[in-house]
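# Fold and geometry: a report
Listed below are the residues making up each chain.
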Amino acid sequence: MRLKKTLLVASTVCLIVLGYVAITYGQQNSSTAVYNPYPPGILPANLDSEIARVLREIDVIEGRAIQRWHSLPPPTRVEMRPGPNPPVLKGTGTESIETLGELMLFDKSMSPGRNQACTSCHMPYAGWSGPIPSVNATMIAYPGTAHYRAGKRTPQRHTYAPFFPVLQYNKEQQLFFGGNFWDSRATGYRLRNPDAEQAQGPPVDTQEMGFPDTACVAYRLQHAVYRPLFELMWGKDSLKIKFPEDTETICSTPGGAAVFGGDPEPIKLKPEERTEADTAYDHWGASIDAYEQSVQVSNFTSKFDASLKGNYTMTADEMAGFNLFNGKGNCNSCHVDGRGTTLNPGQVDTSTTATANPPVFSCFGSANEGLPLNPRNAFYYQDKPDSYGFTADPYGFGYRDLGMGTFLRSGFGSGPNPNRSWVQQAPLVDGQFQVASVRNVAMTPRQCPTTEAGTGKPYFQKAFFHNGYIKSLKQLVHFYNTRDTSFAYPVTSGHCPEGTIEKVTCWPMKEVPNNLDTTTGMLGLTDKEEDQIVAFLETLTDGFTAPYANSDTFTGSCMTCNPATDPNCSASRQGNGELIPTPPLPSCASAICDVPPVSSPPIP
């Protein structure tokens, strides 16, 4: 008996040591094998300290969620249901599933190096977008679990994303509506929920959380502190999967590593276990969607919402901006608010403000706004293999982001198109990106009360649009206003003619000139009217009528500048201090632009 106990203790110690070795191997390979193919100036100098700061903040919010879970009375599972009613967890079922989603969203262990959560790129105080001002000013996309791989687009805001419908093509309008992600590739085709399918993307994105296999999520859920809550929600056997002994080593190695040989399922599970892991992954997505739909995230508590109920009176500038938003600025043609657009002189809006169903300020469609190529985007420079033998962008500056057009082709840098009838529409949507809700577009930490430089207030640097080229709301409105005026020049970013100021009196050429949205570009707004539209956009920030959850967790530094000494210290010139010249651009790589159906007209 004593020998058996000794052997048991020894085997337990061995397992612990082996587990530690496997975890350490993965952490070392995920954290210390630094990948830096970038020229000087792409990575911000404070990147490491800022990543560490965000991870500490994530720990705070995860701790709060754990406390809330433990304080919740367990929901009641009704054993005998009257009539043909479906099983429902009575009482705290809603709070429980929402809390589970929050715990998942802030869980750093959902990455090979246990150093990346979903919220590493989406924090509450930034409107659930990028939480690092220096990244927003420079490299645009956020570094993933393997430092410093980075994606190609700005993090989209989570707020109100669950309101987007399943992607569909309207034959009458010849337009797509719905989906999630900038390119709408989270279609909702299977779960019938684009937001839940969006949540399934980042964990296995090589540039983000970076698991090499979707089953790694189920594996890490088995070891999560909140496993009991998951099993309460989804069944006591929902995580009863027997994983191979090498699973921890596999899941500690970032996706794309040469060692996997391109195998998308390196964890060798039996068919029935693979099905169980896939089901757990679906539950992962559904749980996160429950949280993002909740009043913790999408709660309609802005000044605008209060004004609809008569509980807030807009200032003169805010109201003028609202009228411009619906009129001369033509913003309402895409960011619909439940009212008509009074674009023409003398036109009267006779529609009714939607008070019973507050507007999301999106048409749920996509558009090409003609953004210039942004040479600060880190993705262009990842044309060399990292220490795992993975090359994110073998085409370098030959890459063009065609948005939905690439997705419909199932092309490089996007995802597979599940609907063969959509493929033929690809040339008609090249360059189009999702019309995001403008709700919370101006949300910042309370210490940094604005997104705009030069106001005399500390500001929080954001990045706008899919490629982060625009750095302030003033710039955003000015771009819509003047893109196609005499300010348009046939140059790339960083090469505006002498005597002009980029983003003020010079707009470089469009990255993808096809399918351009021509309802904007020459609006004739005055400088004052641009500012008034910005004032209205700031009324769409949640947290006015009730505190916004976890908006107090920012521990970083606000940005400040002095207009008297810094020529770029204004909202109109914001970010110009970080401009770098675009190198000579090769033609669009054939693997991107020559993929059938052929683009028409060709993309340069």
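Before reading on, note that the structure itself is shown above.
This text gives an overview of the structure that appears in the document.

What counts as what
For every chain, the first residue of the written sequence is number 1, and numbering continues from 1 along that sequence. The predicted nature of this model means local features are confined to residues of pLDDT at least 70 and side-chain atom pairs, given and counted, to a pLDDT of 80 or more, with totals for whole chains, interfaces and linings taken over all residues. The basis for every side-chain value is the complete set of heavy atoms in the structure, and neither hydrogens nor water enter the calculation. The secondary structure listing takes helices from DSSP runs of H or I that are at least 4 residues long and strands from runs of E that are at least 2 residues long, numbered from the N terminus. Remark: exposure states derive from per-residue accessible area (1.4 Å probe, protein chains only) relative to the maximum for the residue type, with buried under 20%, exposed over 50%, and partly exposed in between. The criterion used for residue contact is that any of the two residues' heavy atoms lie within 4.5 Å. Note on areas: these come from Shrake-Rupley sampling with a 1.4 Å probe, and a residue is covered only by the protein chains present in the view. Counted charges follow a simple rule, with Lys and Arg positive, Asp and Glu negative, and His plus the chain ends left uncounted. A charge is said to be at NZ when it belongs to Lys, at CZ for Arg, at CG for Asp and at CD for Glu. For the purposes of this analysis, a disulfide is any pair of cysteine sulfur atoms at a distance within 2.5 Å. Note on geometry: axes are C-alpha line fits, over the in-contact stretch for helices, and angles between N-to-C directions span 0 to 180 degrees. What sets the label is the angle itself: under 35 degrees gives roughly parallel, over 145 gives roughly antiparallel, 65 to 115 gives roughly perpendicular, and the rest give oblique. The hand of a helix crossing depends on one turn: near helix anticlockwise from the far one by less than a right angle means left-handed, and clockwise means right-handed. Throughout, the ten residues Ala, Val, Leu, Ile, Met, Phe, Trp, Tyr, Cys and Pro are labelled nonpolar, Asp, Glu, Lys and Arg are labelled charged, and all others, Gly among them, are labelled polar. By convention, a stacked pair of Phe, Tyr or Trp rings (six-membered ring in the case of Trp) has centres within 6.5 Å and planes under 30 degrees apart, an edge-to-face pair has planes over 60 apart, and any other such pair is tilted. Buried Ala, Val, Leu, Ile, Met, Phe, Trp, Tyr and Cys residues form a nonpolar core when they are joined through side-chain atoms within 4.5 Å. Grid spacing is 1 Å over the protein atoms alone, the probe is 1.4 Å, and a cavity is where that probe fits but cannot get out, while a pocket is an open set with protein on both sides within 12 Å along at least five of seven lines and lining residues have an atom within 4 Å of a point. Grid points are joined across faces, edges and corners, and a volume is the space filled by probe spheres set on the points. Salt bridges are defined by distance alone: a side-chain nitrogen of Lys or Arg within 4 Å of a carboxyl oxygen of Asp or Glu.

## Some points on the overall build of the protein chain
Assigned secondary structure in the protein chain consists of 16 helices and 6 strands. Across its three principal axes, the protein chain shows a C-alpha extent of roughly 90 × 60 × 55 Å. Going through the 604 residues of the protein chain one by one, you find that 56% of them count as buried. Of all intrachain contacts in the protein chain linking residues separated by at least 6 positions in sequence, the fraction that spans at least 24 positions is 72%. A total accessible area of about 25400 Å² is found for the protein chain, and carbon and sulfur atoms account for 57% of it. Taking the 48 positively charged and 58 negatively charged side chains of the protein chain as two groups, their mean positions are separated by 5 Å.

## Quick word on the state of the cysteines
In total, this model carries 5 disulfides according to the counting rule given. Note on cysteine connectivity: cysteine 588 is disulfide-linked to cysteine 593, with sulfurs 1.9 Å apart. Torsion about the S-S bond of the cysteine 588 and cysteine 593 cystine: about 85°, corresponding to right-handed handedness. With its bonded cysteines labelled in order along the sequence, the protein chain shows the pairing 1-2, 3-6, 4-5, 7-8, 9-10. Cysteine cysteine 121 remains unbridged, with the sulfur of cysteine 118 as its closest cysteine sulfur at 8.8 Å. According to the relative accessible area criterion, cysteine 121 is buried, its value standing at 8%. We note that cysteine 334 lacks a disulfide partner, and the nearest cysteine sulfur, in cysteine 363, lies 4.8 Å from it.

## Brief notes about the packing of helix α2 (residues 47-71) against helix α3 (residues 93-105)
Contact geometry of α2 with α3 gives a least axis separation of 9 Å together with a crossing angle of 155°. The angle between the axes of α2 and α3 places the two elements in the roughly antiparallel class. Both α2 and α3 take part in a crossing whose hand is left-handed. Packed against α2, whose contacting residues are Ile61, Glu62, Ala65, Ile66, Arg68 and Trp69, the element α3 presents Thr99, Glu102 and Leu103 at the interface. Its residues assigned to classes, the contact of α2 with α3 shows 5 nonpolar, 1 polar and 3 charged.

## Examining the packing of aromatic side chains
The full count for this structure, using the stated rule, is 31 aromatic pairs. Ring centres of tryptophan 128 and tyrosine 291 lie 5.9 Å apart, and the angle between their planes is 75°; on these two criteria the pair is classed as edge-to-face. Of this pair, tryptophan 128 sits in the loop between α3 and α4 (133-137) while tyrosine 291 is found in helix α9 (residues 271-293), placing the two residues 163 residues apart along the sequence. Residue tryptophan 128 is classed as buried on the basis of its relative accessible area, which comes to 0%. With a relative accessible area of 1%, tyrosine 291 lands in the buried category. Between phenylalanine 304 and phenylalanine 322, the ring centres sit 5.7 Å apart and the planes meet at 70°, which makes this aromatic pair edge-to-face. One end of the pair, phenylalanine 304, is in helix α10 (residues 303-308); the other, phenylalanine 322, is in helix α11 (residues 316-326), and 18 residues separate them in sequence. On the accessibility criterion, phenylalanine 322 (9% relative accessible area) is buried. Aromatic rings pair up to connect Phe379, Tyr380, Tyr381, Tyr395, Phe397, Tyr399 and Phe412 into one cluster.

## Let's talk about the packing of α3 against helix α7 (residues 227-234)
Running from amino to carboxyl end, α3 crosses α7 at an angle of 135°, the nearest separation of the two axes being 10 Å. Taken as axis vectors, α3 and α7 run oblique relative to one another. The handedness of the crossing between α3 and α7 comes out as left-handed. The segment α3 lies against α7, with Gly93, Ser96, Ile97, Thr99, Leu100, Leu103 and Met104 engaging Leu229, Phe230, Met233 and Trp234. Here the contact of α3 with α7 is composed, by residue class, of 8 nonpolar, 3 polar and no charged.

## So, the nonpolar core
In terms of nonpolar packing, the biggest core is built from 88 residues, with Tyr226 and Trp284 touching the most fellow members. At the level of secondary structure, the elements contributing two or more residues to this core comprise α2, α3, α6 (215-222), α7, α8 (247-251), α9 and α16 (590-593). Of the residues forming this core, the biggest block, 8 residues, is contributed by α2. Among residues more than four places away in sequence, those in contact with tyrosine 226 are Glu62, Trp69, Leu100, Leu103, Met104, Asp107, Met110 and Leu221.

## Structural notes on α11
Inspection of α11 places Glu318, Gly321, Phe322, Leu324, Phe325 and Asn326 among the buried residues, and these make up the whole buried set. The inward-facing, buried residues of α11 contact α10 and α15 (527-537).

## As for empty space enclosed by the protein
Vacant regions in the atomic arrangement are exposed by a probe of water-molecule size rolled over the atoms. Considering all chains together, one arrives at 5 cavities of 30 Å³ or more under this definition. Of the pockets and cavities examined, the largest cavity occupies roughly 120 Å³. If you trace the largest cavity, you find 14 residues lining it, with Cys118, His122, His158, Pro202 and Met209 closest to the centre. The set of elements that each furnish at least two residues to the lining of the largest cavity consists of α5 (194-199) and α9. Residue composition of the lining of the largest cavity, by class: 8 nonpolar, 4 polar and 2 charged. Within this model, the second largest cavity holds a volume of roughly 80 Å³. Forming the walls of the second largest cavity are Ile51, Val54, Leu55, Asn115, Gln116, Ser120, Ile132, Tyr142 and Pro143. Partitioned by chemical class, the residues of the lining of the second largest cavity number 6 nonpolar, 3 polar and no charged.

## Description of the pattern of salt bridges
The final tally for this structure, using the stated rule, is 28 salt bridges. A salt bridge links arginine 114 to glutamate 248; the nearest nitrogen and oxygen atoms lie 3.3 Å apart. Here glutamate 248 lies in helix α8 and arginine 114 lies in the loop between α3 and α4, a separation of 134 residues in the sequence. Residue arginine 153 pairs with aspartate 401 through a salt bridge whose shortest N-O separation is 2.7 Å. Pair noted here: arginine 153 is in the loop between α4 and β3 (168-170) and aspartate 401 is in the loop between β5 (366-367) and α12 (404-408), with a separation of 248 residues, a long-range link. This pair shows no difference in class: arginine 153 is buried, exactly as aspartate 401 is.

## Comments concerning the environment of threonine 94
On the secondary structure map, threonine 94 appears in helix α3. Along the backbone, threonine 94 and serine 294 are 200 residues apart, and their C-alpha atoms lie at a distance of 9.1 Å.

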